[in-house]
Amino acid sequence: MSEAQGLPQTEAEAVEELTRLADEIAAHDIRYHQQDAPIISDAAYDALKRRNSEIEAAFPHLVRENSPSFQVGAARAEQFSAVEHGVPMLSLDNAFSDDEALEFDVRIRRFLRLGDEVVDYTAEPKIDGLSASLRYERGVLVRGATRGDGRVGEDVTENLRTVMDIPHRLAGSGWPEIIEIRGEVYLGHAEFAALNAAALAAGQKTYANPRNAAAGSLRQIDSRITATRPLKFFAYAWGLVSAPFAQTQGESLAALKAWGFQTSPQSGVVRGPEGLLAAYGRLEADRPRLAFDIDGVVYKVDRLDWQQRLGFVTRTPRWAIARKFPAEQARTVLEAIDLQVGRTGAVTPVARLRPVTVGGVVVENATLHNGDEIARKDIRVGDTVIIQRAGDVIPQVVRVVTEDRGEPPPPAYEFPHHCPCPLKTPLTRETTTAGAETVVRRCSGEFACPYQRIEHLRHFVSRRAYDIEGLGEKQLQAFFDRGWVRAPADIFRLARDGEKLAELRTLEGYGETSVANLIAGIEARRTIPLDRFIFGLGIRHIGEATATVMARGYGTATAFLDAMDRVAARDPEAMDDLDALDQIGSAVIEAAHDYFAEAHNRGLVDDLVAELTIQDAEQPRQDTAVAGKTIVFTGALERLTRDEAKAQAEALGAKVAGSVSRKTDLVVAGPGAGSKLKTATELGIQVMTEAEWIALVG
Ligand code: IVH
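Quick caveat, the model's predicted, so the values are computed rather than measured. (Residues numbered from 1 in each chain as written. Predicted model: local features only at pLDDT ≥ 70, side-chain atom pairs only at ≥ 80, totals over all residues. Heavy atoms only, no water.)

J.: Requested: an account of the overall build of the protein, with residues and values cited.
T.: Scanning the protein for helices and strands turns up 26 helices and 26 strands. Taking 26 Å as the expected radius of gyration for a compact globule of 698 residues, we find that the protein reaches 29 Å, a close match to that expectation. Expressed as lengths along the three principal axes of its C-alpha atoms, the size of the protein is roughly 85 × 70 × 60 Å. Of the contacts made within the protein by residues no fewer than 6 positions apart, 68% connect residues no fewer than 24 positions apart. Carbon and sulfur atoms make up 50% of the accessible area of the protein, which totals about 33900 Å². (Helix = DSSP H or I, 4+ residues; strand = E, 2+ residues; numbered from the N terminus. Rg over C-alpha atoms; globule rule 2.2 N^0.38 Å. Contact = heavy atoms within 4.5 Å. Areas by Shrake-Rupley, 256 points an atom, 1.4 Å probe, with all protein chains shown as cover.)

J.: Could you give an account of the site of the ligand, with specific residues and numbers?
T.: For the ligand, the set of nearby residues contains 14 residues, the closest of which are Glu124, Ile127, Glu184, Tyr236 and Lys300. At 2.8 Å from a nitrogen atom of the ligand is found a side-chain nitrogen or oxygen belonging to Glu124. Between Ile127 and the ligand, the recorded distance is 3.1 Å, taken from a backbone N or O atom to a nitrogen atom. Burial of the ligand by the protein amounts to 87% of the accessible area it has alone, namely 520 Å². Going through the elements one at a time, strand E3 (120-127) and strand E10 (294-301) are the ones with two or more residues in the shell around the ligand. Class assignment for the residues of the shell around the ligand results in 8 nonpolar, 2 polar and 4 charged. (Near = heavy atom within 4 Å. Polar contact = N/O pair within 3.5 Å; in protein donor to acceptor, adjacent residues only side chain to side chain. Nonpolar A, V, L, I, M, F, W, Y, C, P; charged D, E, K, R; others polar.)

J.: Let's hear about empty space enclosed by the protein: which residues, and what values?
T.: Evaluated as defined, the whole model comprises 3 cavities of 30 Å³ or more. Estimates place the volume of the largest cavity at around 90 Å³. Every element with two or more residues in the lining of the largest cavity is listed here: helix H13 (450-461) and helix H23 (599-611). Per-element tally for the lining of the largest cavity: the top contributor is H23, with 4 residues. Its residues assigned to classes, the lining of the largest cavity comprises 8 nonpolar, 3 polar and no charged. Counted as a void, the second largest cavity has a volume near 70 Å³. Taken together, Glu124, Pro125, Ile127, Phe234, Ala235, Tyr236, Leu253, Thr263, Ser264 and Ser267 make up the lining of the second largest cavity. Among the elements of the structure, E3 and strand E8 (232-241) are those that each provide at least two residues to the lining of the second largest cavity. A class-by-class count of the residues in the lining of the second largest cavity yields 6 nonpolar, 3 polar and 1 charged. (1 Å grid on protein atoms, 1.4 Å probe; cavity = no way out; pocket = protein on both sides within 12 Å on 5 of 7 lines; lining within 4 Å. Points joined across faces, edges and corners; volume = space filled by probe spheres on them.)

J.: Could you give an account of the packing of aromatic side chains, naming the residues involved and the relevant values?
T.: With the rule as written, the count across this model stands at 21 aromatic pairs. Ring plane angle 90° and centroid distance 5.8 Å describe the contact between Tyr136 and Phe261, whose orientation is recorded as edge-to-face. In this pair, Tyr136 is assigned in strand E4 (residues 130-137) and Phe261 in the loop between helix H9 (249-258) and strand E9 (268-271), connecting sequence segments 125 residues apart. The pair Tyr136 / Phe261 is uniform in exposure class, with both members buried. Taken together, a centroid distance of 5.3 Å and an interplanar angle of 65° make the contact between Phe234 and Phe292 edge-to-face. Of this pair, Phe234 sits in strand E8 while Phe292 sits in the loop between helix H10 (272-286) and E10, placing them 58 residues apart in sequence. On the basis of relative accessibility, which here comes to 6%, the residue Phe234 falls in the buried class. Counting every residue linked through ring pairs, the aromatic cluster contains Phe533, Tyr554, Phe560, Tyr595 and Phe596. (Phe/Tyr/Trp six-rings, centres within 6.5 Å; stacked < 30°, edge-to-face > 60°. Buried < 20%, exposed > 50% of the residue type's maximum accessible area, 1.4 Å probe, protein only.)

J.: Can you lay out the sheet that holds E3 for me, pointing to particular residues and giving the numbers?
T.: One key point about sheets: their strands pair by backbone hydrogen bonds, in either a parallel or an antiparallel sense. In spatial order, the strands read E2-E13-E10-E3-E9; together these 5 strands make up an open sheet with mixed pairing. Whereas interior strands pair on both sides, the edge strands pair on one side only; in this sheet they are strand E2 (94-95) and E9. Both E3 and E10 contribute to a ladder of 6 bridges, which runs antiparallel. Of the residues in E10, the one forming a bridge with Glu124 is Val298. Running at roughly 170° to strand E13 (residues 320-324), helix H4 (residues 98-111) makes contact with E2, E3, E10 and E13 of the sheet. Sheet strands in contact with H9 are E3, E9 and E10, and its direction is about 50° off that of E3. (Pairing = 2+ DSSP bridges. Axes fitted to C-alpha atoms, helices over the stretch in contact; angles between N-to-C directions.)

J.: Give a detailed account of unusual backbone geometry, specifying residues and quantitative values.
T.: With the exception of glycine, most residues fall at negative phi, and the peptide bonds are largely trans. The peptide bond linking Glu407 to Pro408 adopts the cis configuration, its omega dihedral lying at -5°. As for its position among the elements, Pro408 is in the loop between strand E18 (396-400) and strand E19 (428-431). With a phi angle near 50°, Arg138 is a residue other than glycine that sits in the positive phi range. Looking at the secondary structure, you find Arg138 in the loop between E4 and strand E5 (140-146). We classify Arg138 as exposed; its relative accessible area is 54%. Residues other than glycine seldom take positive phi values, yet His541 does so here, at roughly 70°. The partly exposed category is assigned to His541, whose relative accessible area is 47%.

J.: For helix H20 (residues 557-568), give the residues involved together with the corresponding values.
T.: Taking 1.5 Å of rise per residue, 12 residues should cover 16 Å, and H20 covers 16 Å from first to last C-alpha, within 8% of that figure. Regarding H20, the residues found buried are Ala557, Phe560, Leu561, Ala563, Met564, Val567 and Ala568. In a view along the axis of H20, the buried residues occupy a sector of 160°, so they form one face of it. Considering only its buried residues, H20 is in contact with helix H18 (530-536), helix H19 (544-554), helix H21 (572-580), helix H22 (586-597), H23 and strand E22 (613-615). Just beyond H20, the residue with positive phi is Arg570, at close to 55°. (Expected span 1.5 Å × (residues − 1). Arc of directions from axis to C-beta.)

J.: Summarise the side chain of Asn209; cite the residues concerned and give the values.
T.: Locating Asn209 in the fold gives a position in the loop between helix H6 (189-201) and helix H7 (210-218). Within polar-contact distance, the side chain of Asn209 engages the backbone nitrogen of Asn212 at 2.7 Å.

J.: Run through the sheet that holds E4, naming residues and quoting values.
T.: With antiparallel pairing, 4 strands are arranged side by side in an open sheet as E5-E4-E7-E8. Of all strands in the sheet, those bounded by a partner on one side alone are E5 and E8. Neighbour to neighbour, the strand axes of the sheet diverge by 30° on average, direction disregarded. Along the sheet face, H9 touches strand E7 (178-186) and E8 and points at about 120° away from the line of E8.

If you want it as structure tokens, here you go:
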């Protein structure tokens, strides 16, 4: 290939060259892929593909359905680059019973204040694959990404192009200029079996289930490998769109189909709660005959305007839920019971099992929850037990098969009185604030207990917290064992510790590159958003959602730490402020108190803060009439439900509080408002009706 070759001047020349390139590239693909005997370098191969793309870009109407740009992979990327989704990819809340499905319908009607009106839903099979987002601009596929953490995924465009069900150009008409199509990449049963059979014959490792196989296939660095995997795709949702294109979920699915996607044939619109249950029954009955794995039914409110009103709670939409199929069960032998010490010292018994396959996955461990559960189920080491796993949930021991108990029976299990950690602390039973004994047994060693320390660190580097690339469980444990990382701040110090890094380079499994990557991974997280910082502290009861609420409430790390110090000192005003934050109750306040009142913890936090740049919380909207205001809703609302009013206010940058104080800016009072309205009037706080509120916020 000559450099800087000019473009073909005529259409005829273009057709000729595109045809030649297609043949040439196809021949190289076969040599590379099927014969393992390439005759040109990767760079030369890439140049051919680039030339093909250039000509296609200049003569877009000549792009053929079987163009080499679509068929197989382009350059072999070193790793996937990050793609920020135009709209985050969320997950779904789960329902495990008819009651929970019915409760979903009740919730929806209550939120929308529909009374007895019947709600239409779509019921769609919950495909067990991995979700992907496909961005189309003017009908052309420009990028494809994995879900990643929901906000940022991996760019797997070249791999997705090899999936047959994914059109490179949208068919039909009426598609928005820009649209992110979402759906599930999956592998059918037959294809999965064939793939594993081939792997086995070639002496390669097999995949545990179709889902893993689909994920492994999609994340191949070389898209030519992906191209040999018969992946499929069902479209069922969308993210960013430049213009609305339908009014209901049902219509949207029809549109996706008209544009050339596969939508699952088992999807349909159902009416009301009976419809929800019937759809579940139908899918459960169909399940064994389907050519692919499903793990439940997804219900979505059909009307999109209602979906919009319902909105989201942190990471899941209020307008959809996944009704999961019951867990799959298997029978095996309980070989031992080990105790695991969690981050907060809670000691959990774990069942070590004779390995058994449950729903395509080999299970060797299961949770036993706590000592009371073991006693209640009378589980003994050596028993034959029934275990089950549902979705991604940790497998559980359901019951003992007592008929299989030998003679003499194994002795009843006695819960140890001491922690298995080197400190061997006596295990204490936790009591509630009311003084009742709970089922949790705790190691009192706290930071002196190495088990709790390592769990803290694991939480710290976990995906949802600092998510440090190159620092997985294995590396963390190794650094911990060497005494290099004993507290979060140590991780950041390690990245700048020339001596330790030099030593690290000499260790097995660590080359120049991996150490450089580790440093880059750590440095990338030295700047951290406030919510992740708070979540990363691993305080009991402060999960992601609560951390986000706290971050928004306090705004900056300084304000947060200052407030926590005051909470630690039980300063009433600081405790009230914390209490006033949405969804925060006494459990969180007590946990925050206990954590920050502990001098050792406080020291660790300071130590960590010194290493970091903590970004202020993303501030809620500033450009609205109610931004930054604290609002209290009281009395009966007639057009909005309480939840809806609250969600609306928060979306507009306001804080919603439960009680009226001097800090309240506005009280929206409906009929029957009592003491709160009285207080507001006494304090001279602005009061308005629901109608005035609606007029104000539009
Ligand atoms: S809708 C905001 N529909 O389930 C709603 N998800 O637990 C986003 N999934 O990440 C998802 N089949 O990978 C939707 N018909 C379906 C689905 C489906 C499978 C997966 C998807 C998602 C996960 C959520």
